[in-house]
Amino acid sequence: MSTPIHRTSTRQSAAVLTSAQQRREGSRTGSTSARSTEHALLAMQARAGNRATTAAVQRARDTARDPARDTERDRAAENGGPSAGAKKNYRDRIAALLDRFKKNLEPIDTFIKGFQTPTNAAFTQQAAVSANEGLKHSAAASGTSAASGNLLTEAAGTVVSGMDAYKNMKDAKKHETGANHHTAKKKAKSKGADAVVGAANSGSYSAAIAKEVTKVQKAADAAVASEASGIASASIGAIKGMRSAFRVGGAARKYKEVKSLGDPHVVHAGSLARLNESREQAGWAAAEAYVALDAYWAHDGPERLELVSEAIDAAWEAMGEARDAAESLHRAEKDVEKLSTVQGYAKKKQLTKMGKETVSGGGESTKAAAGIVTAVAAGTVGLASNPVGWGLAGAGAGLVLGVTMYKALRAATKRYEEVHHPERWAPKGETPEEAASRKESLKHALKFWKKVSKGERQAMAREIYALAAGPDISGSGSTTAEMRESARSLLIALKSGPAKHKLEPEAWVETLNDPAKTGDWIQEIAEQLASG
């Protein structure tokens, strides 16, 4: 797999060297200092992209040679059968390697999309206006490097998404019902769509490479290639914009469903009032029992000891009932607060998703408009001679880059908190891991290829499950029927109800009360909190 990458890098380096030679020739004929600076910037962009891609490949190779993974592979083969286990582990290792390779390339891809590509477009526009062939050639060489980096990242992501979709399709068939089935089915659809969009996007980047190569070679059909690239870019931008719109719609519907459940403090005001009344009655009964006990102590008849013994038993029972009533009220009040917190978190997650998808979709739509302008300009007045094209491209790239940077910063913050404050979101009853130092936490935060496994979302999922689960689940036995019903309504609003799990309501309730399915349920709820 590494050989084609090196060949691509070699071709890119050759293109940059050719460009550098032409720039030196242009400088001998009297080019200005400003143009030399532009050429140097474009060459530096191309070389930086090549070196960063090579480094990403080397990191992926190192991961593939990890001896710990080899040991794990051997152990799995021994436990599950030599041929079947090795085959499965081999497939998993390929998927993990490609995923790690893609994530190593993502920072480079972000730099290319957010900076290098808009800069190239601006220089291309300047070269077209000033009829500067040297600058046009340099911009084309840098554009070839940029599109090649984009294509490499997108192709790796497409393969990973396809493999994930296939794996989750098999899991959905294996688990015909329940939380596992729904989680796998949802991932299969999402990853399948990612693979389709990735394949289309790879075609768009291939067209962009062809466009830039025709410029480098000064081919006669450069205008045709530019027009085709603009159309491809517009098409994929429109597809991504539509997909973001659908995601916004899904998040909005989920937000509306959760909001319709109402404020738990208002919904459960009646049940809390009844529990409080029971507590007061139990308190009065205990007080009366103690008054009767005092009266029997003062009695002088022969049956005094027997009456006192009965009064003590009655007072003890009354005190127990009063204590139980107070604990039930306190537990219900805490559960109301928990339900209010998780509902607020669920609504916040959907609002955040709507915001990110709106900005991202707007950026993709703007890039689509830029592609249309580029195609029209190429077919009418010349290659990218309209400043509107690169202006729209820069604006769209800026919006998408902003969302990408926001996601990266949020993920890094969560990774930092995961190891620096492990007690913050640790499961109840579980001893949290030892907190890492600030330096180690910062190192962990920069591991952008790792997902957060012990964060706020997972903690909220555990809280929702504890409220919705049945009495057989540890810590859920004292939950009131009203509170449990409200928590289950929240699950339905989060698209984790019986219909989504292909179960009848009674069977769905049984899975909630099955300790063996606790982990599956928590994973399912965490996934639904994050999705629209």
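Look up a bit, the structure's there.
About the cut-offs
Residues numbered from 1 in each chain as written. Predicted model: local features only at pLDDT ≥ 70, side-chain atom pairs only at ≥ 80, totals over all residues. Heavy atoms only, no water. Helix = DSSP H or I, 4+ residues; strand = E, 2+ residues; numbered from the N terminus. Buried < 20%, exposed > 50% of the residue type's maximum accessible area, 1.4 Å probe, protein only. Contact = heavy atoms within 4.5 Å. Areas by Shrake-Rupley, 256 points an atom, 1.4 Å probe, with all protein chains shown as cover. Expected span 1.5 Å × (residues − 1). Polar contact = N/O pair within 3.5 Å; in protein donor to acceptor, adjacent residues only side chain to side chain. Axes fitted to C-alpha atoms, helices over the stretch in contact; angles between N-to-C directions. Parallel < 35°, antiparallel > 145°, perpendicular 65-115°, else oblique. Left-handed = near helix turned anticlockwise from the far one by under 90°. Nonpolar A, V, L, I, M, F, W, Y, C, P; charged D, E, K, R; others polar. Salt bridge = Lys/Arg side-chain N within 4 Å of Asp/Glu carboxyl O. 1 Å grid on protein atoms, 1.4 Å probe; cavity = no way out; pocket = protein on both sides within 12 Å on 5 of 7 lines; lining within 4 Å. Points joined across faces, edges and corners; volume = space filled by probe spheres on them.

Regarding the overall build of the chain
Move 1: Summing up its helical and strand segments, the chain has 16 helices and 0 strands in all.
Move 2: The buried share of the chain, taken over its 532 residues, is 39%.
Move 3: Considering only residue pairs separated by 6 or more positions, the chain has 78% of its internal contacts joining residues 24 or more positions apart.
Move 4: When the accessible surface of the chain is split by element, carbon and sulfur atoms take 58% of a total near 27900 Å².

Structural notes on helix H9 (residues 269–297)
Move 1: Look at H9: 42 Å from first C-alpha to last across 29 residues, which is about the 42 Å you get at 1.5 Å a residue.
Move 2: Every buried residue of H9 is accounted for by Ser271, Leu272, Ala282, Ala286, Ala289 and Leu293.

Considering the environment of Ser437
Move 1: Tracing the backbone through its elements, the reader meets Ser437 in the loop between helix H11 (387–420) and helix H12 (438–445).
Move 2: Residues Ser437 and Val419 lie 18 residues apart in sequence; the distance between their C-alpha atoms is 8.5 Å.
Move 3: From its side chain, Ser437 meets the backbone nitrogen of Glu440 in a polar contact 3.3 Å long.

Let's talk about the packing of helix H13 (residues 456–468) against helix H14 (residues 481–493)
Move 1: Where H13 meets H14, the axes come as close as 7 Å, and the angle between the chain directions of the two elements is 130 degrees. With respect to their mutual orientation, H13 and H14 come out oblique. The interaxial crossing formed by H13 with H14 has left-handed handedness. Contacts from Ile464, Leu467 and Ala468 in H13 reach Met483, Arg484, Ala487, Arg488, Leu490 and Leu491 in H14.
Move 2: When grouped by side-chain class, the residues that make up the contact of H13 with H14 number 7 nonpolar, no polar and 2 charged.

Quick word on the pattern of salt bridges
Opposite charge on two side chains permits pairing when their charged atoms draw close.
Move 1: Summed over the entire model, instances satisfying the criterion amount to 11 salt bridges.
Move 2: Linking Lys167 and Asp171 is a salt bridge whose minimum nitrogen-to-oxygen distance equals 3.4 Å. One end of the pair is Lys167 and the other is Asp171, both in helix H5 (residues 133–174) and 4 residues apart, which spans about a single turn.
Move 3: Residues joined by salt bridges that share partners form a network here, namely Asp194, Arg243, Arg247 and Glu357.

A few points about the layout of surface pockets
Move 1: Approximately 530 Å³ is the volume attributed to the second largest pocket.
Move 2: When contributions to the lining of the second largest pocket are tallied by element, the ones reaching two or more residues are helix H10 (304–380), H13 and helix H16 (518–530).
Move 3: It is H13 that contributes the most residues to the lining of the second largest pocket, 7 residues altogether.
Move 4: The class makeup of the residues in the lining of the second largest pocket is 11 nonpolar, 6 polar and 8 charged.

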